[in-house]
Amino acid sequence: MGNVSSVPGFDVVVAGAGIVGSACALELARSGLKVAIVEPGEIGGGATAAGMGHLAVMDDSPEQFALTSYSQALWKDLAPQLPRDVEYLPCGALWVAADEMEMAEVHRKYSFYQARGIAVEVLDQRALAEAEPNLRPGLAGGLLLKDDSVVYPPCAARYFVAEARRRGAEFFPGKRVVSARHGAAQLDDGTTLAAAHTVLATGTAAAANVQARKGHLLITDRYPGFVNHQLIELGYLKSAHSLQTDSVAFNVQPRQTGQLLIGSSRQYGIEDPAIDAFMMSKMLRRAVEYMPRLSGVSAIRGWTGFRAATPDKLPLIGECPGSKGVYLATGHEGLGISTSLATAKLLADLLLGRPSAIPREPYAPGRSFAHA
Ligand SMILES: Cc1cc2nc3c(=O)[nH]c(=O)nc-3n(C[C@H](O)[C@H](O)[C@H](O)COP(=O)(O)OP(=O)(O)OC[C@H]3O[C@@H](n4cnc5c(N)ncnc54)[C@H](O)[C@@H]3O)c2cc1C
């Protein structure tokens, strides 16, 4: 029992300092609550370090649009305060249409976004070639989402934790939450943190109905001006929607350093974090199909990460059914960087009994997945 101690006096324990937990910790601390942050590894060292950092607005469902557009507005407001190492780059995103069928989708998306006040533009074949000269000739066009941007996620998480600590949050590094209930969270070293609420922002470890979805990425040497926007093929959506099949899609991001981040792949049912040479080369072949000159760039490092996916592709934000005082903030799949700030707002609103800017119910962990 030598190690057992009790630390009194927190309102909230946040388990996990990925982008989601750290954003929640900051929002809760900013709202005047006494916060404890518990993280066994590096801050932002989980999926957050593996992510691409595209801050996207998406239109797969009204609920996904509500969360991504709300969060993008929050990122935009925050941008002037972000330190340089967060590498906020307001580059816009270009969804690339390979043929006329995909152009029809471009026009459908354009109408959707335009009707909702999102800054968007349709590019025809020529305009696309001018915007991104390294794309292969003959692509049909694209959809430019002007307010999409890019950040370097682990530094964003570190900044959020530092800001939360500046507002009184206490950090418990090298420890993990092993159990939580209304009134206390238990750590793996035997410490009990007394707190009315615990937020489980532990990514793929947080909830039973979250599945890990493996992804590969690769970063290159510096090629400033090679790519001007976050580039994604429209076929990415087919890849992102598939719930079983392994898939790859052309996805290239310019970094503020001049480097290119090349993605992306999706695989289910695999726990091994090792690079899968077959998936990596399939992903790179796809990238070269869209951007032939990528075959001449030097790669520096490749890696993998795991997205936390739910059956209905919406995150779990709110109280765990049957566990009063225990909350989930996970299941963001490929959008956790984008939606971290909105997640933090919704969670803080819930804990403090405040109304939210968007409805919270669609993300409630207790929702039915029967039709997902
Ligand atoms: C290849 C790839 C590309 C991606 N691209 C994008 C993108 O462009 N845009 C976007 O928005 N999203 C993207 N994502 C998704 C994004 O990275 C994730 O949704 C996001 O990082 C999830 O953050 P998180 O804080 O929930 O999880 P994590 O970053 O995994 O953090 C969870 C933390 O919890 C800690 N933890 C685990 N167990 C415990 C415990 N018991 N107690 C305390 N702490 C614990 C872990 O150590 C970890 O630090 C991508 C993901 C991948 C894999």
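Up top is the structure these notes are about.
Description of the structure in this document.

## Digging into the environment of valine 326
Thought 1: Structurally, the position occupied by valine 326 is in strand E18 (residues 326–330).
Thought 2: Spatially, the C-alpha atoms of valine 326 and serine 69 are 27 Å apart, while their sequence positions differ by 257 residues.
Thought 3: Residues within four places of valine 326 in sequence aside, it is in contact with Ala180, Arg181, Thr198, Leu200, Gly318, Glu319 and Cys320.

## Some details on the side chain of serine 340
Thought 1: Examined against the element boundaries, serine 340 turns out to sit in helix H9 (residues 336–352).
Thought 2: A relative accessible area of 0% means that serine 340 is categorised as buried.
Thought 3: Separated by 2.9 Å, the side chain of serine 340 and the backbone oxygen of isoleucine 337 make a polar contact.
Thought 4: Filtering out sequence-adjacent residues up to four positions away, serine 340 remains in contact with Ile19, Val20, Ala23, Ser71 and Trp75.

## Some details on the site of the ligand
Thought 1: Glu39, Thr48, His54, Glu333 and Ser338 are the nearest of the 33 residues found near the ligand.
Thought 2: The separation between an oxygen atom of the ligand and a polar main-chain atom of glycine 53 is 3.3 Å.
Thought 3: Take serine 338: an N or O atom from its main chain is 2.7 Å from an oxygen atom of the ligand.
Thought 4: Contact with the protein chains covers 91% of the free accessible surface of the ligand, which is 1000 Å².

## Details of unusual backbone geometry
Thought 1: The linkage connecting glycine 263 with the following residue, serine 264, adopts the cis geometry, with an omega of -10°.
Thought 2: Within the secondary structure layout, serine 264 lies in strand E15 (residues 259–268).
Thought 3: Positive phi, close to 55°, is recorded for glutamate 87, a residue that is not glycine.
Thought 4: Along the chain, the position of glutamate 87 falls in the loop between helix H3 (62–78) and strand E4 (93–97).
Thought 5: Exposure remark for glutamate 87: the relative accessible area of 15% places this residue in the buried category.
Thought 6: Positive phi is not limited to glycine here, since glutamate 333 has a value of about 45°.
Thought 7: Mapped onto the elements of the fold, glutamate 333 is located in the loop between E18 and H9.

Each value, and the rule that gives it
Throughout this description, residue numbers start from 1 for each chain and increase along the sequence as written. Since the coordinates come from a predicted model, pLDDT governs what is reported: local features require at least 70, and pairs of side-chain atoms require 80 or more to be given and counted, while whole-chain, interface and lining totals use all residues. Side-chain numbers come from the whole structure's heavy atoms, not from hydrogens or water. Secondary structure is summarised from DSSP: a helix means a run of H or I of at least four residues, a strand means a run of E of at least two, and numbering begins at the N terminus for each. In this description, contact between two residues means that some pair of their heavy atoms is separated by no more than 4.5 Å. A 1.4 Å probe rolled over the protein chains alone gives each residue an accessible area, and that area as a share of the maximum for its type sets the label: buried under 20%, exposed over 50%, partly exposed in between. Each polar contact in these results corresponds to two N or O atoms within 3.5 Å; when the atoms are within protein, one needs to be able to donate a hydrogen and the other to accept it, and residues that are neighboring in sequence are counted only if both atoms are side-chain atoms. Nearness here has a simple test: a residue counts as near a molecule or strand if at least one of its heavy atoms is within 4 Å of that partner. Exposure was quantified through the Shrake-Rupley algorithm and a 1.4 Å probe, taking into account, for residues, occlusion by the shown protein chains and nothing else.

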